[in-house]
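# Examining the three-dimensional arrangement
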Amino acid sequence: MVDLNRRGLVLAAGSTLAASAIGAPALAAAQDRKIGYAIVGLGGYGLGIIIPQFKNCQHSRLVALVSGDPAKAKRVAAEYGVPETHIYNYQNYDSIRNNPDIDVVYVCLPVSMHAEYTIRAARAGKHVMCEKPMAVSSAECEAMIAACKQAGKKLMIGYRCHFEPNNLEAIRRARAGEIGKLRYFRSEHGFVAGNPSAWRLKKAMSGGGSLMDIGIYALNASRYMTGEEPVSVYATERTDRSDPRFREVEDMIEFELEFPSGVLGSCMSMYSANRNQILLMGDKGRIELEPATSYQGIRLRVGSGMGEAVTPPPTTGLRAGTTMWAGQLDHLAQCIRQNREPIVPGEEGLRDIRIIEAIYQSARERRRVALRA
Ligand code: NAD
């Protein structure tokens, strides 16, 4: 799953277009043209986090907006230099097919809309970056993968931590055997959910509660930190259903993951406390990230015995100013140019959703659920 050699390529972004059949001038022209992104959904993440990141990108640029709010779209377009001809809404969305400036559609919508807007983008001949969690069900994930394959387009999931230097350094150290034989993984992820009417707390729009939204970070980290796929899950849910926020979705869910090597994974996801932590223990030491997957201030600690050291983030291979978001956007751009698969393709999102479905089943049926390979 996690391929450190391919990650190395990501970190050295822009350095390679090695075995190309086209000549140098054509190659230079192809490199010069940045890959154009259309952002669908101008909400907290699409507008607040992703759009401002294009200034940090080497290979990607913002070229179009899709929004249900024309005034907002016009304002954002003016601020970021997007022509008004490149503003779309949810009704005329399919006409993006006629806009050659758009190479990629980045889906930043509520989870229940991911499948529809990914499939429509693929049918319009566009590559897709889709936010996590990939969709509300594994069946939808499979349909998204099939649509992109049929259209011959790339599908990448917005797992930004696969481009975050501290997380990458933690993976590198674990794979290098620095903490010995891996024994135990723990991750707690949570935040305090607010407005009961928000889409995240409506099951039809979110697909589930804290596990879908924030617990997925713990789950995904258990797989990239160990480099293994879990073989079974056992989960327990605790939710106060009288709390208006949790009428439809779960608050706390604790899940144990069994890995083939014998590593035990223990994860907690919640919507009623703030927490953001990863711990990987081996027989010669441990690696801790806290905060582990937040937007900023991520700290890596590596230690053995009772002591610990704080390890500053690695800088080797990273361009000054590069962020995990720029790394993510430019990675897909490079994959499109070089016709290779993203390190976090649709299949990676599907794996998490299948495990999440098993976690919910385990909590419901109060039994261990085996996962298919
Ligand atoms: P948000 O509510 O802030 O924004 C959602 C956007 O979708 C808004 O612009 C809203 O107008 C639009 N929308 C269109 N139709 C809608 C409908 N029927 N109901 C509600 N909104 C509708 O949400 P967000 O926090 O920006 O999350 C969007 C996606 O990004 C989600 O998939 C979420 O999981 C993901 N996300 C990822 C990260 C990350 O770190 N990778 C962080 C936050 C959110």
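Check the entry above for the structure.
First, a word on what this report is: a plain description of the structure on this page.

What counts and what doesn't
- Residues numbered from 1 in each chain as written.
- Predicted model: local features only at pLDDT ≥ 70, side-chain atom pairs only at ≥ 80, totals over all residues.
- Heavy atoms only, no water.
- Helix = DSSP H or I, 4+ residues; strand = E, 2+ residues; numbered from the N terminus.
- Rg over C-alpha atoms; globule rule 2.2 N^0.38 Å.
- Buried < 20%, exposed > 50% of the residue type's maximum accessible area, 1.4 Å probe, protein only.
- Contact = heavy atoms within 4.5 Å.
- Areas by Shrake-Rupley, 256 points an atom, 1.4 Å probe, with all protein chains shown as cover.
- Lys, Arg positive; Asp, Glu negative; His and termini not counted.
- Charge placed at Lys NZ, Arg CZ, Asp CG, Glu CD.
- Salt bridge = Lys/Arg side-chain N within 4 Å of Asp/Glu carboxyl O.
- Expected span 1.5 Å × (residues − 1).
- Pairing = 2+ DSSP bridges.
- Axes fitted to C-alpha atoms, helices over the stretch in contact; angles between N-to-C directions.
- Parallel < 35°, antiparallel > 145°, perpendicular 65-115°, else oblique.
- Nonpolar A, V, L, I, M, F, W, Y, C, P; charged D, E, K, R; others polar.

Now for the overall build of the protein chain. The helix and strand inventory of the protein chain stands at 11 helices and 15 strands. Its C-alpha radius of gyration of 21 Å places the protein chain within 12% of the 21 Å reference for a compact globule of 373 residues. Each principal axis of the C-alpha atoms in the protein chain carries an extent, and together these give about 55 × 50 × 35 Å. When burial is assessed residue by residue, the protein chain has 54% of its 373 residues classed as buried. Partitioning the intrachain contacts of the protein chain with sequence separation of at least 6 by distance along the chain shows that 70% fall at a separation of at least 24. With the model as given, the accessible surface of the protein chain reaches about 15700 Å², and the carbon-plus-sulfur share is 53%. The centroid of the 47 positive side-chain charges in the protein chain is displaced by 2 Å from the centroid of its 39 negative side-chain charges.

Turning to the pattern of salt bridges, a few remarks are in order. A full pass over the atoms with the stated rule returns 26 salt bridges. We note a salt bridge from Glu288 to Arg286, for which the minimum N-O separation is 3.1 Å. Accessibility assignment for this pair places Glu288 and Arg286 in one class, buried. Of the charged contacts in the structure, one is a salt bridge between Glu308 and Arg286, with a shortest N-O distance of 3.9 Å. Of this pair, Glu308 sits in the loop between β13 (300-303) and β14 (309-311) while Arg286 sits in strand β12 (residues 285-289); the two residues are 22 residues apart in sequence, bridging distant segments of the chain.

On to helix α10 (residues 324-338). Look at α10: 21 Å from first C-alpha to last across 15 residues, which is about the 21 Å you get at 1.5 Å a residue. Most of α10 is tucked away, with 14 of its 15 residues classed as buried.

A few words on the sheet that holds strand β3 (residues 87-88). The six strands are arranged β3-β2-β1-β4-β5-β6 in an open sheet whose pairing can be described as parallel. Since the sheet does not close on itself, it has two edges, and those belong to β3 and β6 (155-157), each with one partner. Its contacts with the sheet put α10 on β1 (35-40), β2 (60-66), β4 (104-107), β5 (127-130) and β6, and the angle it makes with β1 is roughly 130°.

On to the pairing of strand β10 (residues 264-270), then. Across the seven residues of β10, six count as buried, placing the element largely inside the fold. As paired strands, strand β7 (residues 182-190) and β10 are joined by seven bridges and run parallel to one another. Considered in β10, the bridge of Phe185 is made with Gly265. As paired elements, strand β9 (residues 252-258) and β10 share six bridges and run antiparallel to each other. Bridge pairing in β10 links Phe255 to Cys267. Remark: five residues form the turn of the hairpin made by β9 and β10, two consecutive strands paired antiparallel; Gly262 in that turn has positive phi of roughly 105°.

Following both chains from N to C, one finds helix α5 (residues 114-123) and helix α6 (residues 138-151) inclined at 10°, their axes separated by 9 Å at the closest point. With respect to their mutual orientation, α5 and α6 come out roughly parallel. Here His114, Ala115, Thr118, Ile119 and Ala122 of α5 come into contact with α6, specifically with Glu140, Ala143, Met144, Ala147, Cys148 and Ala151. Residues belonging to the contact of α5 with α6 are distributed by class as follows: eight nonpolar, two polar and one charged.

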